[in-house]
Amino acid sequence: WTVHGRSLEVNSDDQEDVEVEISMGAGRLPGVCWACKWALRKVKKAIGPNATAESLTTKLKSICNEIGLIKYLCHKFVKRHLAELIEELSTTDDVTTICVNTGACK
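What counts, and where the lines are drawn
Residues numbered from 1 in each chain as written. Predicted model: local features only at pLDDT ≥ 70, side-chain atom pairs only at ≥ 80, totals over all residues. Heavy atoms only, no water. Helix = DSSP H or I, 4+ residues; strand = E, 2+ residues; numbered from the N terminus. Buried < 20%, exposed > 50% of the residue type's maximum accessible area, 1.4 Å probe, protein only. pLDDT = per-residue confidence, 0-100. Contact = heavy atoms within 4.5 Å. Arc of directions from axis to C-beta. Axes fitted to C-alpha atoms, helices over the stretch in contact; angles between N-to-C directions. Parallel < 35°, antiparallel > 145°, perpendicular 65-115°, else oblique. Left-handed = near helix turned anticlockwise from the far one by under 90°. Nonpolar A, V, L, I, M, F, W, Y, C, P; charged D, E, K, R; others polar. Core = buried A, V, L, I, M, F, W, Y, C linked by side-chain atoms within 4.5 Å.

With that out of the way, let us pick up the overall build of the chain. For the chain, the helix and strand inventory stands at 4 helices and 3 strands. Of the regular secondary structure in the chain, the N- to C-terminal order runs β-β-β-α-α-α-α. Per-residue burial for the chain yields a buried fraction of 31% across its 106 residues.

Shown next, in the form of structure tokens:
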């Protein structure tokens, strides 16, 4: 696949286990910023203002199942940044600020 002049190679041994390899200069998949904002908006809306670390963890781990094509990358991002995302979502920061702080957006 070519996405905005960049190449995205998807290799699949079976339909459940999809490995995604990214070949691009910046090392960042186009759409990760959008996906971060989308996921965190959904999490914030679902959990409300008085969320616990446990409820945030549960929602963060499940939200990626709703994202479609980049579900694998979403899960990988959440796993890598889980503690930071929980901390950030416990503040009054907006989703754009959180996604910049976690490196998903510039």
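Having seen it, we continue.
Attention now moves to the confidence of the model for the chain. Across the chain, the average pLDDT comes to 77, with 72% of residues at or above 70. At the level of individual helices and strands, the chain shows its lowest average pLDDT in strand E3 (residues 18-23), which scores 34, and its highest in helix H4 (residues 95-101), which scores 94. This model gives residues 7-27 a pLDDT under 50, and the stretch forms 28 contacts once residues within four places in sequence are excluded.

Bringing helix H2 (residues 53-63) into the picture now. Where H2 is concerned, the buried positions are Leu56, Thr57, Leu60 and Ile63. For H2, the angular spread of the buried residues around the axis is 145°, confining them to a single face. Turned more than 90 degrees away from the buried face of H2 sit Glu54 and Thr58, all of them exposed. Against the buried residues of H2 lie helix H1 (32-47) and helix H3 (71-89).

At their nearest, the axes of H1 and H2 sit 10 Å apart, and the two run at 140° to each other. For the element pair H1 / H2, the angle class is oblique. Helix-helix and strand crossings are classified by hand; for H1 and H2 the assignment is right-handed. When H1 is examined against H2, the residues Trp38, Ala39, Leu40, Lys42, Val43, Ala46 and Ile47 are found in contact with a partner set consisting of Ser55, Leu56, Lys59, Leu60 and Ile63. In the contact of H1 with H2, the residues fall into 9 nonpolar, 1 polar and 2 charged.

All right, on to the nonpolar core then. The biggest cluster of nonpolar side chains holds 25 residues, and the ones touching the most others in it are Leu40, Leu60, Val78, Leu85 and Leu89. Contributions of two or more residues to this core are made by H1, H2, H3 and H4. Broken down by element, this core gets its largest block of residues, 8 residues, from H3. The residues touching leucine 89, leaving out its near neighbours within four places in the chain, are Leu40, Val43, Lys44, Leu56, Leu60 and Ile98.

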